[in-house]
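Chain by chain, the residues run as shown.
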Amino acid sequence: MKKFSIVSFIIVILFLTGCKQDKYDNNDVAAIVNDKEVTVEEIRWLHSLEDESLEQLVRSYVKEEIMVQEAMKMGVDVSHKVEEELKGYSLPAEPPQGKENPILDFYKKQADKLDMSPEEYGEFYIEKSTERREYTKKYIENEIGKPAQSEDIEYHDKLNKMYDNLLTKYQDNIDILIK
């Protein structure tokens with residue numbers, strides 16, 4: 001009888017795990033920033049997330065999206081940096097048995113979620129993350145310069161104020177739909 005209840009319990013757990021579905025579909029609009037729809041899929045392209053952490057990631061993505069859009073308005077061109085990063089890109093190698101490669105594991109997990117190969121995902125990830133990083137970096141440098149040192153408290157205060165000002169400036173043009 002004890003074996004039956006253990007087997008039943010395992011079957012129920014496996015069934016529930018197999019039936020688990022994401023709360024949000026990739027095509028769901030997570031936010032709208034200056035009339036640009038940001039989908040759950042766009043956020044999943046760059047972040048390993050579970051639905052529980054989606055709201056916080058959407059907020060971070062929105063801040064970044066505002067800076068990307070501002071940098072594009074300024075005429076910033078990041079294509080050279082993206083090409084440079086892609087030129088040196090190759091999928092991380094499989095680690096020796098018993099070892100882990102967190103980057104490769106991330107690529108595999110994301111590729112599986114997005115129905116593509118790890119190679120395709122890795123290349124796309126490098127392209128998009130480099131593009132967004134460079135746009136935000138150029139925007140920040142244009143607005144407040146570069147930090148004097150890595151732990152420049154005054155610089156971090158300026159950065160936080162810049163974020164707050166952007167969010168205030170665009171508050172009527174931002175709609176976060178994931179709650």
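Up top is the structure.
Residues numbered from 1 in each chain as written. Predicted model: local features only at pLDDT ≥ 70, side-chain atom pairs only at ≥ 80, totals over all residues. Heavy atoms only, no water.

Overview of the overall build of the chain
Counting its secondary structure elements, the chain contains seven helices and three strands. Mapped from its N terminus to its C terminus, the chain presents α and β elements in the order α-β-β-α-α-α-α-α-α-β. Scored against the burial criterion, the 179 residues of the chain give a buried share of 33%. Counted over contacts in the chain with a minimum sequence separation of 6, partners at least 24 positions apart contribute 62%. Carbon and sulfur atoms form 52% of the exposed surface of the chain, whose accessible area is close to 12,100 Å². (Helix = DSSP H or I, 4+ residues; strand = E, 2+ residues; numbered from the N terminus. Buried < 20%, exposed > 50% of the residue type's maximum accessible area, 1.4 Å probe, protein only. Contact = heavy atoms within 4.5 Å. Areas by Shrake-Rupley, 256 points an atom, 1.4 Å probe, with all protein chains shown as cover.)

Section: the packing of helix 4 (residues 79–87) against helix 6 (residues 118–144)
It is the contact of helix 4 with helix 6, at a shortest axis distance of 9 Å, that shows an interaxial angle of 150°. Once helix 4 is placed against helix 6, the crossing between them reads as right-handed. Seen from helix 4, the contacting residues are Lys-81, Val-82, Glu-85 and Leu-86; seen from helix 6, they are Glu-123, Ile-126, Glu-127, Thr-130, Glu-131, Arg-133 and Glu-134. Classifying every residue of the contact of helix 4 with helix 6 gives three nonpolar, one polar and seven charged. (Axes fitted to C-alpha atoms, helices over the stretch in contact; angles between N-to-C directions. Left-handed = near helix turned anticlockwise from the far one by under 90°. Nonpolar A, V, L, I, M, F, W, Y, C, P; charged D, E, K, R; others polar.)

Quick notes on the pairing of strand 1 (residues 29–33)
Sheet analysis places strand 1 next to strand 2 (residues 36–39), joined by four bridges and oriented antiparallel. Paired with Ala-31 across the strands is Val-38, a residue of strand 2. Counted along the chain from strand 1 to the antiparallel partner strand 2, the turn is two residues long, and its residue Asn-34 has a positive phi close to 50°. When strand 1 meets strand 3 (residues 174–176), the two strands line up antiparallel, connected through three bridges. (Pairing = 2+ DSSP bridges.)

Structural notes on the packing of aromatic side chains
As enumerated under the stated definition, the model contains eight aromatic pairs in all. Measuring from centroid to centroid gives 5.7 Å for Tyr-107 and Tyr-121, while their planes differ by 70°, and the two rings are edge-to-face. Of this pair, Tyr-107 sits in helix 5 (residues 102–113) while Tyr-121 sits in helix 6, placing them 14 residues apart in sequence. Residue classification places Tyr-107 among the buried residues on the basis of a relative accessible area of 4%. (Phe/Tyr/Trp six-rings, centres within 6.5 Å; stacked < 30°, edge-to-face > 60°.)

As for the side chain of Glu-134
Assignment of secondary structure puts Glu-134 in helix 6. When its relative accessible area of 5% is taken as the criterion, Glu-134 is described as buried. Not counting residues within four places of it along the chain, the set of residues in contact with Glu-134 comprises Val-78 and Lys-81.

Remarks on helix 7 (residues 153–169)
What sets the pattern is the α-helix's 3.6 residues per turn: residues three or four places apart point alike. In this model helix 7 runs 24 Å from its N-terminal to its C-terminal C-alpha over 17 residues, within 8% of the 24 Å that 1.5 Å per residue would give. Taken as a whole, helix 7 has its buried residues at Tyr-155, Leu-159, Met-162 and Leu-166. Down the axis of helix 7, the buried set is contained in an arc of 60°. They therefore lie on one face. Of the exposed residues in helix 7, the ones pointing more than 90 degrees away from its buried face are Ile-153, Glu-154 and Lys-161. (Expected span 1.5 Å × (residues − 1). Arc of directions from axis to C-beta.)

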